[in-house]
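If you want the building blocks of each chain, they are given just below.
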Amino acid sequence: MWPALPVSLIATTLALAPVRFDREKVFRVRPQDDKQANIVKDLAKSNELDFWYPDATHHVATNMTVDFRVSEKESQSIQSALEQSNVHFVGKRAGRQKAIFMDCGIHAREWVSPAFCQWFVYQATKSYGKNKIMTKLLDQMNFYILPVFNVDGYIWSWTQNRMWRKNRSRNRNSTCIGTDLNRNFDVSWSSSPNTNNPCLETYRGPAPESEKETRAVTAFIRSHLKSIRAYITFHSYSQMLLYPYGYTPRLPPNHEDLAKVGRIATEALSTRYETRYVYGPIASTIYPTSGSSLDWAYDLGIKHTFAFELRDKGKFGFLLPESRIKPTCRETMLAVKFIAKYILKHT
Ligand SMILES: [Zn+2]
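Everything numeric in this text was worked out from a predicted model, so none of it was measured.

Engineer: Which residues make up the side chain of S236, and what values do they have?
Structural biologist: If you trace the backbone, S236 turns up in strand 7 (residues 228-236). Using a relative accessible area of 4% as the deciding quantity, one classes S236 as buried. When neighbours within four sequence positions are excluded, S236 is seen to be in contact with E110, V112, E309, L310, R311 and F318.

Here is the structure:
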């Protein structure tokens, strides 16, 4: 029996190294005529395109939405080829100097938050080329979207404990698990009470940016700081639109501008289902916080930073019924689109 051993060892090794897709791209193109359809087919001959829709090259036709995945290595040349031949694709590169960073699900149990990030991506890709505003936004700006900030915490909330909030890091000298990622940012870290005990829901972690998740996000934002004009983070619940600061009652220099955006965005949100939101600085509108992503992004230099506390106001709280997810996403989209339009025009 022993000769079988090397085979099983190989199988184990393979199982430990799953395929990764870092920095790969999925293009969505819409050939306008036969010539453009043939350009896509030709690209498929000379590059490794993984067709998602349709499932094979020969189905590609005029006016069809075509999705394909390309490797990081090939994505630049594919993009240039599409641009040169004027093939329409989602998120054309030309002229995009501004960007918005959005994250969802920093707190595990706030399930409607990751739902919104997915909804945003779904709507953006679905309405590109059809909806005038969305097409303009995607043509002229980059949207960086992190759909689930706190991955292990989120999974834990689905599998073990629906009310889990923190990530799942082990803590030294404590049997209590997890750091509150929204207290872990390097901004007035540890200044508010109830953040130094690993057994509390608001534990700040052993050091600023001690957590992998925080470090990944801060590294990305720092390296794209030149283009990122707005940072938007999604939580639930309480129907609020918040801006800095959380760690001080002091108002940020452009608070009038932030209040104006907050007012119009919440008005836009309420037009669909008359859902009422309040807006204002974190400290006076919800409660003082330290080490939050919002304050960190603001003090880093992103002058338009917002946190949504999505539905509801506490009747269901984190357990928002499924039937409310889509309406929540639809109305929130109106506010986010307004903010994006504002950023495009005024920053
Ligand atoms: Zn939260």
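Engineer: Outline the pattern of salt bridges, supporting the account with residue identities and numerical values.
Structural biologist: Going through the model one piece at a time under the given rule, you end up with 11 salt bridges. Across the pair R69 and E24 runs a salt bridge whose closest N-O atoms are separated by 2.5 Å. One end of the pair, R69, is in strand 3 (residues 66-70); the other, E24, is in the loop between helix 1 (5-16) and strand 1 (25-30), with 45 residues separating them in the sequence. Using a relative accessible area of 21% as the deciding quantity, one classes R69 as partly exposed. As a salt-bridge pair, R183 and D180 come within 3.9 Å of each other at their nearest N and O atoms. Residue class for R183 comes out buried when judged on its relative accessible area of 5%. Residue classification places D180 among the buried residues on the basis of a relative accessible area of 0%. Here the salt bridges share partners, and the residues they tie into one network are E24, D50 and R69.

Cut-offs and rules
Residues numbered from 1 in each chain as written. Predicted model: local features only at pLDDT ≥ 70, side-chain atom pairs only at ≥ 80, totals over all residues. Heavy atoms only, no water. Helix = DSSP H or I, 4+ residues; strand = E, 2+ residues; numbered from the N terminus. Buried < 20%, exposed > 50% of the residue type's maximum accessible area, 1.4 Å probe, protein only. Contact = heavy atoms within 4.5 Å. Salt bridge = Lys/Arg side-chain N within 4 Å of Asp/Glu carboxyl O.

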